[in-house]
Amino acid sequence: MSKQVIIIGGPGNGGVAAACIQDMRVNYDIDEYEVYGFLNDFVPKGEKINGYPVLGGLQDITPYVEGDFYFIYAIHSISHAPLRVKIFESLGIPDEKLVTLIHPLTFIGEGCEIAPGCMIMAHSYIGPETKLGKCTFVMANCAIGHNNTIGGFCHFSVGAICSSVLTIGNGCDVALNATVMEKVTMGDFSVVGAGALCLKDVEPYQVVVGSPAKHLKYVKPDETKDEWKQNE
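## Remarks on the overall build of the protein chain
On a plain count of helices and strands, the protein chain comes out with four helices and 24 strands. Relative to a compact globule of 232 residues, whose C-alpha radius of gyration would be 17 Å, the protein chain shows 17 Å and is just as compact. Overall size of the protein chain, expressed as C-alpha extent along the three principal axes, is 45 × 40 × 25 Å. Expressed as a percentage of its 232 residues, the buried residues of the protein chain come to 53%. Sequence separation of at least 24 residues holds for 32% of the intrachain contacts in the protein chain that already meet a minimum separation of 6. Of the roughly 10500 Å² that the protein chain leaves accessible, carbon and sulfur atoms contribute 52%.

## Re the pattern of salt bridges
Considering all chains together, one arrives at two salt bridges under this definition. Glu-32 serves as the salt-bridge partner of Lys-3, at 3.7 Å between the closest nitrogen and oxygen. Of the two residues, Lys-3 sits in strand E1 (residues 3-8) while Glu-32 sits in the loop between helix H1 (13-27) and strand E2 (33-39), which places them 29 residues apart along the sequence. The class for Lys-3 is partly exposed, based on a relative accessible area of 32%. One salt bridge in this structure joins Lys-134 and Asp-95, with 3.2 Å as the shortest N-O distance. On the criterion of sequence distance, the pair formed by Lys-134 in the loop between strand E11 (131-132) and strand E12 (137-138) and Asp-95 in the loop between helix H3 (81-89) and strand E6 (101-102) is long-range, its members being 39 residues apart.

## As for the sheet that holds strand E14 (residues 149-150)
A sheet is described by the order of its strands in space; here five strands give the open sequence E8-E11-E14-E17-E20, paired in parallel fashion. Pairing within the sheet leaves two strands with one partner each, and these edge strands are strand E8 (113-114) and strand E20 (185-186). Two strands pair when backbone bridges link them, and E8 and E11 are joined in this way by two bridges, in the parallel orientation. Residue Glu-113 lies in a different strand from E11, and its bridge partner there is Lys-131.

## Here we look at the pairing of E2
For E2, the tally of buried residues reaches five of seven residues, placing the bulk of the element in the interior. Two strands pair when backbone bridges link them, and E1 and E2 are joined in this way by six bridges, in the parallel orientation. Within E2, the residue paired with Ile-8 across the bridge is Leu-39. As a crossover connection, the stretch from E1 through H1 into E2 is right-handed. Bridge count between E2 and strand E4 (residues 52-56): two bridges; the pairing is parallel. Across the sheet, residue Phe-38 finds its bridge partner in E4, namely Val-54.

## Looking at the packing of aromatic side chains
For the coordinates displayed, the defined rule picks out eight aromatic pairs. Between the aromatic rings of Tyr-73 and Phe-153, the centroid separation amounts to 6.3 Å while the plane-to-plane angle is 85 degrees, which identifies the pairing as edge-to-face. You can see Tyr-73 sitting in strand E5 (residues 70-73) and its partner Phe-153 sitting in the loop between E14 and strand E15 (155-156), a full 80 residues away along the chain. When its relative accessible area of 3% is taken as the criterion, Tyr-73 is described as buried. The rings of Tyr-36, Tyr-64 and Phe-69 are connected pair by pair, giving a single aromatic cluster. Directly above the ring of Tyr-70 sits Lys-3, whose terminal nitrogen or CZ lies 5.1 Å from the centroid.

## A word on the environment of Pro-82
Locating Pro-82 in the fold gives a position in helix H3. Taking the relative accessible area as the measure of exposure, Pro-82 reaches 5% and is therefore buried. As a C-alpha pair, Pro-82 and Phe-189 span 107 residues in sequence and 6.7 Å in three-dimensional space. Setting aside residues no more than four positions away along its own chain, Pro-82 makes contact with Phe-189, Tyr-205, Val-219, Lys-220 and Pro-221.

The rules we used
Residues numbered from 1 in each chain as written. Predicted model: local features only at pLDDT ≥ 70, side-chain atom pairs only at ≥ 80, totals over all residues. Heavy atoms only, no water. Helix = DSSP H or I, 4+ residues; strand = E, 2+ residues; numbered from the N terminus. Rg over C-alpha atoms; globule rule 2.2 N^0.38 Å. Buried < 20%, exposed > 50% of the residue type's maximum accessible area, 1.4 Å probe, protein only. Contact = heavy atoms within 4.5 Å. Areas by Shrake-Rupley, 256 points an atom, 1.4 Å probe, with all protein chains shown as cover. Salt bridge = Lys/Arg side-chain N within 4 Å of Asp/Glu carboxyl O. Pairing = 2+ DSSP bridges. Right-handed = clockwise from strand over helix to strand, strands pointing away. Phe/Tyr/Trp six-rings, centres within 6.5 Å; stacked < 30°, edge-to-face > 60°. Lys NZ or Arg CZ within 6 Å of the ring centre and 35° of its normal.

Here you go:
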């Protein structure tokens, strides 16, 4: 019997996760998981996201955590990672109930360590001896080289390229078609913007953009959920 999965989030990364599970079931005969529904604070209970029912808001999660359900934490918006991590920590989801979702059209090198809750989409490459932290997402057509250490709650957008021997902290974003060169360190909650070429270390909370990448601003560390929603 398939494990019943609840996706925490909306039609963005949550929709991607749901589509991946359905693709694996329909086209690859992999039926380990089945989407049960979504938890979302901004879509009313009973409505649907990507065809699946909204079961309630995040405050309704406890009975599901105590029940026979599994979870994908899909809340994400670039440069809002500190709040994302705080929200996750408030939910009380144990690691053994986090879905690790890896599309079959993915290369995972020898010696890789993939933590619980990661999602790796089709046509992505993870080089040997690379470590991905909890709830890190690697979207389609990404290339992440060998011997990298990557923290939890990171997000690699479609087409991101990361070289080798990188140290990437928690909650980092590498945006669409961005490139991070070898031996770079990205501090916690830092961001490499879309199309950027990152040649040197990035400070914690720093956002860099351009080619070569240069400082733009800093991520706000103490944002509230209301502020996040207003800025969307």
